[in-house]
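# Structure at a glance
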Amino acid sequence: MKVFAVLASAAISFAATAQSFPAGDAPLDKITGQPGFTGIFHSWGFIGDSLSSGEHESRNADGTMGYHDLYEYSWGQRICQATGAKGDNYSQGGETASGWIEHFWNNPNNGNNNIDAKVSPKQGYIIALGVNDFNRGDKAGNPDVDINLSDFTKNADTFAGNYGGIIQRVKSIQPEAKIFVVTTPRDGQDRKEFNSVIRKMADIFSNVYVIDLEKYAPDYSEGSDIRQNYYMGGHLSAAGYLLTSWIMMDYIDWIVRHNMDDFRQVAFIGTGLKY
């Protein structure tokens, strides 16, 4: 049976891809459909593009394409439903790192009721950007050079500078927030340089953790099981967004289990309390 052809079991096994972890304990060895320790977060901010927005494609009778951000179907809102958390989608179709700063921070003007990311700080954030930046030819940049750690307004106008600037802006309103940055999965495009930038964020900033889909998620290329069963055009189907929520939750659960002390005080984020 193909890996993703049927979701008949509560757990789906992947072949281990990381030699540095014991068998059965690498990220995404199993997709359980359960929140695990993702449930310790009660508030989330989801920063991203169409694939973070539950975007669906439609076709009119004449073949004209329609694109619809259906936030209630997004993997972020599925995480909230599974855990009882509350979350906001700071995302929209076509978004880039530089665009996000303008549309959700500097001058909120976006397709999600012009939501302002500064208004309601969260305990946790998931940042899933990079596809549109790559597609339009943005420079990946160098995080060590392009990020000004003392003044994010002086960051370079590269993917690295803008992505780092998003993290800096989040930290300016919620310094102890846990931030999960997501690499783009393998899909036949060479985004290695962009994914290297994303991974580097965990080295530069505290409380930043990598959800490395490029390394651990299954193949998303044309003809793959994911594409055949969980896509509708160039975007995910409702089942695909639900599956993605399971992938995110299992990965976050894995990160928490391997860094328990880091997450001990999640309940105090934003309260001013300390242990």
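Above this text is the structure in question.
In this report, the structure presented in the accompanying data block is examined. (Residues numbered from 1 in each chain as written. Predicted model: local features only at pLDDT ≥ 70, side-chain atom pairs only at ≥ 80, totals over all residues. Heavy atoms only, no water.)

### Describing the nonpolar core
Note that soluble globular proteins tend to have their nonpolar side chains buried in a common cluster. Judged by nonpolar contacts, the single largest core of 36 residues is most densely connected at Trp 44, Ile 126, Phe 180 and Ile 211. Considering every element that reaches this core, the biggest residue donor is helix 9 (residues 238–257), with 10 residues. Excluding anything up to four places from it in sequence, Ile 126 contacts Trp 44, Gly 45, Phe 46, Ile 47, Trp 75, Ile 79, Phe 180, Val 182 and Ile 252. Counting residues in each nonpolar core, the second largest holds 29 residues, with Ile 101, Ile 147, Val 181 and Phe 205 among its members. (Core = buried A, V, L, I, M, F, W, Y, C linked by side-chain atoms within 4.5 Å. Buried < 20%, exposed > 50% of the residue type's maximum accessible area, 1.4 Å probe, protein only. Helix = DSSP H or I, 4+ residues; strand = E, 2+ residues; numbered from the N terminus. Contact = heavy atoms within 4.5 Å.)

### As for a nonpolar patch on the surface
A surface patch of nonpolar side chains, about 390 Å² in accessible area, is lined by Phe 268, Leu 273 and Tyr 275. Tracing the backbone shows Phe 268 in the segment after helix 9. (Patch = residues over 30% accessible without salt bridge, like charges linked within 9 Å, V, L, I, M, F, W, Y side chains within 5 Å. Areas by Shrake-Rupley, 256 points an atom, 1.4 Å probe, with all protein chains shown as cover. Salt bridge = Lys/Arg side-chain N within 4 Å of Asp/Glu carboxyl O.)

### Focus on the sheet that holds strand 3 (residues 43–48)
Here we have 5 strands laid out as an open sheet, ordered 6-3-7-8-9, and parallel in their pairing. Bordering the open sheet on either side are strand 6 (86–91) and strand 9 (208–211), each of which pairs with just one other strand. With direction set aside, neighbouring strand axes in the sheet form an average angle of 20 degrees. Pairing of strand 7 (residues 124–128) with strand 8 (residues 178–182) involves 4 bridges; the strand directions are parallel. Bridged to Tyr 125 within strand 8 is Ile 179. Packed on one face of the sheet, helix 1 (residues 75–83) meets strand 3, strand 6 and strand 7 and runs near 165 degrees to strand 3. Its contacts with the sheet place helix 5 (residues 159–173) against strand 3, strand 7, strand 8 and strand 9, and it is angled at close to 165 degrees to strand 8. (Pairing = 2+ DSSP bridges. Axes fitted to C-alpha atoms, helices over the stretch in contact; angles between N-to-C directions.)

### Considerations on the pairing of strand 4 (residues 55–59)
As paired strands, strand 4 and strand 5 (residues 65–69) are joined by 5 bridges and run antiparallel to one another. Opposite His 56, over in strand 5, you have His 68 as the bridge partner. What sits between strand 4 and strand 5 in their antiparallel hairpin is a turn of 5 residues, with Gly 63 showing a positive phi close to 90 degrees.

### With respect to the packing of helix 2 (residues 97–106) against helix 5
Where helix 2 contacts helix 5, the axes come no closer than 8 Å and their chain directions differ by 30 degrees. By the angle between their directions, the pair helix 2 and helix 5 is classed as roughly parallel. Residues Ala 97, Ser 98, Trp 100, Ile 101, Trp 105 and Asn 106 of helix 2 lie in contact with helix 5, whose contacting residues are Phe 159, Asn 162, Tyr 163, Ile 166, Arg 169, Val 170, Ser 172 and Ile 173. Among the residues forming the contact of helix 2 with helix 5, the class breakdown is 9 nonpolar, 4 polar and 1 charged. (Parallel < 35°, antiparallel > 145°, perpendicular 65-115°, else oblique. Nonpolar A, V, L, I, M, F, W, Y, C, P; charged D, E, K, R; others polar.)

### Observations regarding the pairing of strand 8
Among the 5 residues in strand 8, 5 count as buried, and that is most of the element. The two faces of strand 8 match: Lys 178, Phe 180 and Val 182 on one face and Ile 179 and Val 181 on the other face are all buried. Pairing of strand 8 with strand 9, which is carried by 4 bridges, proceeds in the parallel orientation. Bridged to Ile 179 within strand 9 is Val 208. Taken together, strand 8, helix 6 (residues 192–204) and strand 9 form a β-α-β motif whose crossover is right-handed. (Right-handed = clockwise from strand over helix to strand, strands pointing away.)

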